[in-house]
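# Topology and contacts: notes
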Amino acid sequence: MTPLARLRKKAQEWGGDLVEVSEDDFNELFGYMKSAVVHPPKPGYVKAPFRSRPPFGVNYKERRVYYTPNVAPADLIHEMGHVFATRRSPDKPCAEFNFFGWEHALARKFGLFREWEKSNGLYKVTNELFYRELWPKDRKALLAKTLKAAQKRGLVSPNGVPLSIR
Ligand SMILES: [Zn+2]
């Protein structure tokens, strides 16, 4: 099974899904702009704001992550956090850092840790610093601290297994 298929199976176990759609279908759901005309998204569909190529987004209520062909599986881990590891829909302010520990626990479980680190290189871990700018020992400390915080919130089991809270 590919890493993507394994992530998908996990999402289904949690009552959601990872759904591949064409770019046109994606645009229909998540909205787009053409000839300076804005076509709004369908209700409930929230596009991931930064990583637009290839684009992906979520439907929080359905617990689904939508992506387009050639997505990097590790890129989906953060979006999975938005539907399985928080009780706030991503169209409202949400403390994303709360599920950072959940993300790396999930990445490790599926052998995607290195890819996840790369995918999160531009994740702001402090007001000044991106994840990729941290020294190895500071990364290690951050990973340990955020894992502990995620465990405290019940997002990760005491023995390190990421859980769905929805
Ligand atoms: Zn996010």
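Residues numbered from 1 in each chain as written. Predicted model: local features only at pLDDT ≥ 70, side-chain atom pairs only at ≥ 80, totals over all residues.

### Concerning the overall build of the protein
Inclusion rule: Elements are defined by DSSP. Helices are runs of H or I of four residues or more, strands are runs of E of two residues or more, and each kind is numbered from the N terminus. Here, residues touch in the contact sense if the C-beta positions derived from the backbone fall within 7 Å of one another.
The helix and strand inventory of the protein stands at six helices and six strands. For the protein, the N- to C-terminal ordering of α and β elements is α-β-α-β-β-β-β-β-α-α-α-α. Summarising its shape, the C-alpha atoms of the protein cover approximately 50 × 35 × 30 Å along the three principal directions. Long-range contacts, defined here as pairs at least 24 residues apart, represent 49% of the contacts in the protein between residues at least 6 apart.

### Examining the pairing of strand β5 (residues 56–59)
To keep things clear, this is the line we draw: Each residue is classed by its C-beta neighbour count within 10 Å, where at least 20 other C-beta atoms makes it buried, 12 or fewer makes it exposed, and intermediate counts make it partly exposed; the C-beta atoms are placed from backbone geometry. If DSSP finds at least two bridges between two strands, the strands pair.
Residues Phe56 and Val58 point to one face of β5 and Gly57 and Asn59 to the other, with burial holding for every one of them. Where strand β4 (residues 45–47) lies against β5, three bridges are found, and the strand directions are antiparallel. Bridge assignment links tyrosine 45 to a residue of β5, and that residue is asparagine 59. Pairing analysis gives four bridges linking β5 to strand β6 (residues 64–67), with the strands arranged antiparallel. Each residue of the ladder has a partner; that of glycine 57, found in β6, is tyrosine 66. Connecting β5 to the antiparallel partner β6 that follows it, the hairpin turn spans four residues, and arginine 63 within it adopts a positive phi of roughly 55 degrees.

### Observations regarding helix α1 (residues 3–13)
Keep this limit in mind: The arc in question is formed by the directions pointing from the helix axis toward the C-beta atoms.
Taken residue by residue, α1 has Leu7, Arg8 and Ala11 as its buried positions. What you see down the axis of α1 is that its buried residues fit within an arc of 100 degrees, all on one side. Among the exposed residues of α1, those pointing more than 90 degrees away from its buried face are Ala5, Gln12 and Glu13. For α1, the secondary structure elements touched by its buried residues are β1 (17–20), β6 and α3 (73–84). Immediately downstream of α1, the backbone of glycine 15 shows phi near 80 degrees, a positive value.

### Topic: the packing of helix α4 (residues 100–109) against helix α6 (residues 136–152)
When two helices pack together, their arrangement is given by the angle between their axes and by how far apart the axes lie. Inclusion rule: Axis lines are fitted to C-alpha atoms, over the contacting stretch for helices. Their N-to-C directions set the angle, which ranges from 0 to 180 degrees. Note on terminology: angles under 35 degrees are roughly parallel, angles over 145 are roughly antiparallel, angles of 65 to 115 are roughly perpendicular, and the others are oblique. Each residue is assigned to one of three groups, with Ala, Val, Leu, Ile, Met, Phe, Trp, Tyr, Cys and Pro labelled nonpolar, Asp, Glu, Lys and Arg labelled charged, and all others, Gly among them, labelled polar.
Close contact between α4 and α6 brings their axes to 7 Å; oriented N to C, the two are set at 105 degrees. Between α4 and α6, the angle falls in the class roughly perpendicular. Together, Phe100, Gly101, Trp102, His104 and Ala105 of α4 and Leu143, Thr146, Leu147, Ala149 and Ala150 of α6 make up the contact between the two elements. Each residue belonging to the contact of α4 with α6 can be placed in one class, and the counts come to seven nonpolar, three polar and no charged.

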